[in-house]
Amino acid sequence: MVSDKLRLVAHIFTFIVPYAFTLIRQRISAIIHRQTYKVLPNSQIKTVVVIGGSFAGFQLVKRLTETLPTGYRVVLVERNSHLNYLFAFPRFSVLKGHEQYAFIPYTGLAKTAPEGIFCHVQDTATEITDKHVVLERGEKMEYDYLVIATGTSSALPSKVTSTEREGGEKELRGMQEKIADAKRIAVVGGGAVGVELASDIKSFYPEKDVALIHSRGQLLHSFGKRLHDHAISVFEELGVAVLLNERPKIPVDGNTLELLHGKEELFDLIIPCTGQRPNSAIVSAISPAAVSKTNSQILVKSTLQLADDSHPRIFSFGDVADTGGPKMARASYFQSEIVCQNILLLIKGKKDLKTYKPNIFFEGSIKLTLGKTRLVMYMKQNNGRELIIPANKGQIDLGVKSQWGFFGANVREIESESRDKAVAASC
Ligand SMILES: Cc1cc2nc3c(=O)[nH]c(=O)nc-3n(C[C@H](O)[C@H](O)[C@H](O)COP(=O)(O)OP(=O)(O)OC[C@H]3O[C@@H](n4cnc5c(N)ncnc54)[C@H](O)[C@@H]3O)c2cc1C
Ligand SMILES: NC(=O)c1ccc[n+]([C@@H]2O[C@H](COP(=O)([O-])OP(=O)(O)OC[C@H]3O[C@@H](n4cnc5c(N)ncnc54)[C@H](OP(=O)(O)O)[C@@H]3O)[C@@H](O)[C@H]2O)c1
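A quick note: this is a predicted structure, and the numbers were derived from the prediction, not measured.

Visitor: Now, about the packing of helix α1 (residues 4-36) against helix α9 (residues 329-347): what can you tell me, with residues and values included?
Guide: Direction vectors running N to C along α1 and α9 enclose 50°, while the axes themselves pass 15 Å from each other. Relative to α9, the element α1 lies oblique. α1 and α9 meet at a crossing whose hand is left-handed. Here α1 contributes Phe15, Tyr19, Leu23 and Gln26 to the contact with α9, which in turn contributes Tyr333, Phe334 and Glu337. Its residues assigned to classes, the contact of α1 with α9 comprises five nonpolar, one polar and one charged.

This is the structure:
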């Protein structure tokens, strides 16, 4: 019987080798592009506006700075001062002293971009029209192509509300304090966020009573049964109480949860991890038909253009869009390449565009933490076979500092925030 590890290695090998060539090709063309891109006067420049600079928008902007022809530039409209490294938010809602590393400066984007091709506007887009993006501060920004990568909203431990790093850090510290002070804690919602948080609380604070309360019979139901079984066995070992098929209302005031059959449970702290809401409102006004009535996601074609023939120059992808792909950063990375290529094709006047087909094995795989050092890799093959590889060598800080390099930033920049602000204001 072939082990899950061997199957994974075989998959990685068949995928990585051709993909490595693609990356090398992209690097070489980026170097040539940097030498050949020319700065033109503003009046002769056309603009691609990308709204949202998290995992999806960041990667697209990076690729556009490497590929847009002379005469085009990309403007990133992002309300946050820093990229919020969400992967670490559940861990840093529990573990103290690392939260500053979860906010990565956007300086990396400008570092390698040719002069004049990129700028970052820190603001919220409040409206879009056929030609403009309207910003909260009142400014109207003209676009030739528009990409909406506005993702989703939710509360901690998934996301912070502050748009500045200092505020975000403070919110994480606030959650750390609440958790440290509580004896009986309920985590409501057994998706990946709830599972990671419940296991972190119990493994960093074994003396606390932790309950994970989930609406369905299976935890992590967007993945498979083997992942549920594995999580359940880890929770048994850690001593986390798991209550399935329970959908309590989250109380506005008080700390009592009403469970099935009228049973009431009192906790010191209730933490909802009940999922994400798509930030699609700006599309509703310009194209109501392109927003799903059932899940509020932006409806797109397989070319990732808005599913509205009157707006062929507007694209959307990542967690806000109904792309057919998994709601994972890895998936948005692959989608960003389709959007980038299609914008370049439209600029060249081509009609035959690339289409997005999710590679479920890679894009839908998950590396899930299950407490301090435990983690599990999970993937599903096209034939439905589930692969599961548990390990016990995760880093306490999730290796967050090494992630800065991926976003072109240097962890030492944390001490020179003024430089960061100068780049953000350079538009
Ligand atoms: C806690 C947590 C851990 C996760 N861990 C992993 C993981 O380990 N691996 C993985 O692959 N995936 C992981 N995911 C999923 C992954 O984070 C998402 O798939 C990814 O963040 C989606 O990226 P996005 O850019 O589409 O949207 P988002 O990350 O939601 O970002 C949207 C961006 O748009 C900005 N924005 C929104 N509206 C506006 C506006 N009107 N004007 C200006 N800016 C705006 C926001 O400020 C934000 O920066 C995790 C998710 C969570 C919540
Ligand atoms: N390590 C990683 O890669 C990682 C880590 C975290 C998150 N992520 C990804 O990020 C995305 C968001 O994750 P998420 O956990 O926030 O959302 P999610 O996957 O939607 O999970 C939230 C869960 O909460 C349940 N729920 C909602 N209301 C409830 C209630 N009142 N009582 C009990 N349960 C309730 C939902 O069930 P119903 O559907 O029945 O309402 C759902 O299963 C996902 O795609 C996830 O895979 C990845």
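Let's pick the thread back up.
Visitor: Explain the UniProt feature "domain: FAD/NAD(P)-binding" (unreviewed entry) in the protein chain to me, and be specific about the residues and the numbers.
Guide: Feature annotation in UniProt places "domain: FAD/NAD(P)-binding" (unreviewed entry) on residues 47-332, given in this structure's numbering. The distance from the first to the last C-alpha atom of residues 47-332 is 22 Å, and the span holds 27% helix and 25% strand.

Visitor: Describe the domain arrangement of the protein chain, naming the residues involved and giving the relevant values.
Guide: Here the protein chain is partitioned into domain 1 (1-36), domain 2 (40-157 + 276-360 + 399-424) and domain 3 (173-274 + 363-391). Just the C-alpha atoms count here: the centres of domain 1 and domain 3 sit 34 Å apart. On the domain 3 side, the residues contacting the six residues of domain 1 number eight residues. Across the interface of domain 1 and domain 3, roughly 600 Å² is buried in total on both sides, 62% from carbon and sulfur atoms. For the domain 1 face of the interface with domain 3, the top three residues by lost area are Asp4, Arg7 and Leu8, together amounting to 73%. Between the two partners, domain 1 and domain 3, sit one salt bridge. One salt bridge in this structure joins Arg226 and Asp4, with 3.0 Å as the shortest N-O distance. Applying the counting criterion to the domain 1 and domain 3 interface returns two residue pairs in polar contact (both at pLDDT 80 or more).

Visitor: Hey, could you go over the packing of aromatic side chains for me, with residue numbers and the actual values?
Guide: Counting across every chain of the model gives 13 aromatic pairs. Here the aromatic rings of Tyr333 and Phe334 are separated by 6.0 Å at their centres, their planes lie at 75°, and the arrangement is edge-to-face. Using a relative accessible area of 24% as the deciding quantity, one classes Tyr333 as partly exposed. Between Phe361 and Phe362, the ring centres sit 5.1 Å apart and the planes meet at 80°, which makes this aromatic pair edge-to-face. The exposure class of Phe361 is buried, given its relative accessible area of 3%.

Visitor: Summarise the pairing of strand β2 (residues 72-78); cite the residues concerned and give the values.
Guide: The buried count for β2 comes to six of seven residues, which makes it a mostly enclosed element. Note that strand β1 (residues 46-51) and β2 share six bridges and pair parallel. Counted as the bridge partner of Lys46 is Tyr72 from β2. Note: β2 against strand β5 (residues 118-122), five bridges, orientation parallel. Counterpart to Glu78 in the pairing with β5 is Gln122.

Visitor: Give me the lowdown on the sheet that holds strand β12 (residues 209-213), citing residues and values where you can.
Guide: A sheet is described by the order of its strands in space; here four strands give the open sequence β13-β12-β11-β16, paired in parallel fashion. The strands lining the two open edges of the sheet, one partner per strand, are β13 (241-243) and β16 (269-272). The mean inter-strand angle of the sheet, taken between neighbouring strand axes irrespective of direction, is 20°. Relative to β13, β12 is paired through three bridges, and the arrangement is parallel.

Visitor: Quick one: what's the story with the site of ligand 1, residue by residue and with numbers?
Guide: Close to ligand 1 lie 30 residues, the nearest being Ser54, Glu78, Ala125, Lys159 and Asp319. In the model, an oxygen atom of ligand 1 is placed 3.0 Å from a nitrogen or oxygen of the Ala56 main chain. Against a free-state accessible area of 1,000 Å², the protein chains account for coverage of 90% of ligand 1. The set of elements that each furnish at least two residues to the shell around ligand 1 consists of α2 (55-67), β2 and α9.

Visitor: Tell me about unusual backbone geometry, and name the residues and values.
Guide: Omega for the peptide link from Leu156 to Pro157 comes to 15°, which places this bond in the cis form. Inspection of the secondary structure puts Pro157 in the loop between β10 (152-153) and α5 (165-181). One non-glycine residue, Leu398, adopts positive backbone phi at about 60°. Topologically, Leu398 is positioned in the loop between β23 (386-391) and α11 (400-406).

Visitor: Please set out the pairing of strand β7 (residues 132-135) residue by residue, giving values where relevant.
Guide: Across the two faces of β7 the burial is the same, with His132 and Val134 and Val133 and Leu135 all buried. Bridge analysis of strand β6 (residues 125-128) against β7 gives three bridges, and the strand direction is antiparallel. Across the sheet, the residue bridging to Ala125 is Leu135, located in β7. Hairpin connection between β6 and β7: a loop of three residues separates the two successive antiparallel strands. Here β7 pairs with strand β8 (residues 140-142) via three bridges, running antiparallel. Pairing of Val134 across the sheet is with Lys140, part of β8. Once β7 ends, the chain turns through four residues before running back antiparallel as β8, passing Gly138 with a positive phi of about 105°.

The rules behind these values
- Residues numbered from 1 in each chain as written.
- Chains lettered and ligands numbered in written order.
- Predicted model: local features only at pLDDT ≥ 70, side-chain atom pairs only at ≥ 80, totals over all residues.
- Heavy atoms only, no water.
- Axes fitted to C-alpha atoms, helices over the stretch in contact; angles between N-to-C directions.
- Helix = DSSP H or I, 4+ residues; strand = E, 2+ residues; numbered from the N terminus.
- Parallel < 35°, antiparallel > 145°, perpendicular 65-115°, else oblique.
- Left-handed = near helix turned anticlockwise from the far one by under 90°.
- Contact = heavy atoms within 4.5 Å.
- Nonpolar A, V, L, I, M, F, W, Y, C, P; charged D, E, K, R; others polar.
- UniProt positions renumbered as here; feature names shortened; annotations may be inferred.
- Domains from an automatic or database assignment.
- Buried area = accessible area lost by both parts, 1.4 Å probe.
- Salt bridge = Lys/Arg side-chain N within 4 Å of Asp/Glu carboxyl O.
- Polar contact = N/O pair within 3.5 Å; in protein donor to acceptor, adjacent residues only side chain to side chain.
- Phe/Tyr/Trp six-rings, centres within 6.5 Å; stacked < 30°, edge-to-face > 60°.
- Buried < 20%, exposed > 50% of the residue type's maximum accessible area, 1.4 Å probe, protein only.
- Pairing = 2+ DSSP bridges.
- Near = heavy atom within 4 Å.
- Areas by Shrake-Rupley, 256 points an atom, 1.4 Å probe, with all protein chains shown as cover.

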